[in-house]
Amino acid sequence: MANSIRVRCPATSANLGAGFDVFGIALRKPYDVIEVERAGEGVEIEVSGFDVPSEPSRNTGGYVALRMLEEFGLRGGVRIRILKGIRPGSGLGSSAATAAGVAFAINRIFALGLSRGALVRYAAEGEIVSAGVPHMDNVAPAIYGWFTMVASQRPLRVYSIRPPRELGILVMVPEGGKRSTEEARRVLPRKVPLKKAVRNVACASTLAVGMALGDLDMIKVGMEDFIVEPARAEAGILRAFRPLKEAARKLGVSLAASGAGPAVLVITEPSARKIRRILGALGGVLEEEGIRYSFYITELGPGVEEMK
Ligand code: HSE
């Protein structure tokens, strides 16, 4: 049994339009790198890259480690080194990546033999510490990889599908103006008109089948949302969302908020030329609005994995 492990923890994007709290994808980049080593007593954390709390009970990974050490009565402690490659608060599952990475690593170095479902449950507890809300649509793809559906939380049922073709993904991350996930959830409607619910069911099912078949047209048609994104755009939670959506429509692609934002993403053909063209148009929209941004050209990827 190895005493230490280094893992790659992927960024994830939740919702994909109508799949609020259900759909998620794992991205090849960006990602965190986490090293967990059996050492000392209790939990010790070092953070580099982006700034997040290093106090174990306030760190999403630290909290997972504390819970797992206690629950399994594990002797000795762990030292965790977190190299954050995912900007916190960007809408790309930064806290979920760390939580999933630590759950995966502790399972390995203490040979606990936990299932992926159990790892999702532990990682989700860490998510609650940081996001304050019990949603699993980031931790599920962070553990399982590819496209995931959290079909039910109790009992936990997660399905993961690897589309049978490559998909190109452009993620745009507008800077500034981030509101907490909790706040982004407070603006959501408590009641939904049946007509909108029907449109969302149509979109979600079309997107899920599109992922299973690797059918980009279905993914494009399905990546729309008539309930959550409009409410968040209206409340000013999603920055420049309407003009971005409009620019995407003109380009013939679908754009969705990544989780509670501010990042947005487009799924399209894996063609560098096409993605550059979309990037130019969406970047132009953000520049016009005076919003600085960063971006990633990426693709779907696996969940947390050991780095050799
Ligand atoms: N489904 C969650 C939300 C994801 O949209 O609030 C947050 O990352």
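This one's a predicted model, so the numbers in the text were calculated from it and none came from an experiment. (Residues numbered from 1 in each chain as written. Predicted model: local features only at pLDDT ≥ 70, side-chain atom pairs only at ≥ 80, totals over all residues. Heavy atoms only, no water.)

**Q** Account for the site of the ligand, with residues named and values stated.
**A** Taken together, Ala14, Asn15, Phe20, Asp21, His135, Asp137, Asn138, Thr181, Arg185, Arg232, Gly259 and Ala260 form the complete shell of residues around the ligand. Asp137 is positioned such that a nitrogen or oxygen atom in its side chain is 2.6 Å from a nitrogen atom of the ligand. In the model, an oxygen atom of the ligand is placed 2.8 Å from a nitrogen or oxygen of the Arg185 side chain. In this structure the site holding the ligand corresponds to the largest pocket. Elements supplying a minimum of two residues to the shell around the ligand: β1 (4-15), β2 (19-38) and α5 (181-186). (Near = heavy atom within 4 Å. Polar contact = N/O pair within 3.5 Å; in protein donor to acceptor, adjacent residues only side chain to side chain. 1 Å grid on protein atoms, 1.4 Å probe; cavity = no way out; pocket = protein on both sides within 12 Å on 5 of 7 lines; lining within 4 Å. Sits in = over half its atoms within 2 Å of the grid points. Helix = DSSP H or I, 4+ residues; strand = E, 2+ residues; numbered from the N terminus.)

**Q** Mind laying out the pairing of strand β5 (residues 147-152), listing which residues take part and the relevant values?
**A** Extensive coverage of β5 is indicated by the burial of five of its six residues. In terms of strand pairing, β2 meets β5 through three bridges, oriented antiparallel. Paired with Phe23 across the strands is Met149, a residue of β5. Inspection of the sheet shows β5 paired to strand β6 (residues 157-161) by five bridges, in the antiparallel sense. Bridged to Phe147 within β6 is Ile161. Remark: four residues form the turn of the hairpin made by β5 and β6, two consecutive strands paired antiparallel. (Buried < 20%, exposed > 50% of the residue type's maximum accessible area, 1.4 Å probe, protein only. Pairing = 2+ DSSP bridges.)

**Q** Give me the domain arrangement of the chain: which residues, what numbers.
**A** Domain annotation of the chain identifies domain 1 (4-162 + 302-306) and domain 2 (168-299). For domain 1 and domain 2, the distance between their C-alpha centres works out to 24 Å. Listed per partner, the contact involves 28 residues of domain 1 and 35 residues of domain 2. Summed over both sides, the interface of domain 1 with domain 2 buries roughly 2,300 Å², with 65% coming from carbon and sulfur. It is Leu16, Ala18 and Phe20 that lose the most area in domain 1 upon contact with domain 2, and together they represent 21% of the buried surface on that side. In this structure, the connection of domain 1 to domain 2 is made through two salt bridges. Taken together, the connections running from domain 1 to domain 2 amount to 11 residue pairs in polar contact (both at pLDDT 80 or more). Elements represented by at least two residues in the side of domain 1 that touches domain 2 include exactly β1, β2 and β5. Ranked by the residues each element gives to the side of domain 1 that touches domain 2, the list is headed by β2, at nine residues. Of the residues that constitute the side of domain 1 that touches domain 2, the class distribution is 15 nonpolar, 10 polar and three charged. (Domains from an automatic or database assignment. Contact = heavy atoms within 4.5 Å. Buried area = accessible area lost by both parts, 1.4 Å probe. Salt bridge = Lys/Arg side-chain N within 4 Å of Asp/Glu carboxyl O. Nonpolar A, V, L, I, M, F, W, Y, C, P; charged D, E, K, R; others polar.)

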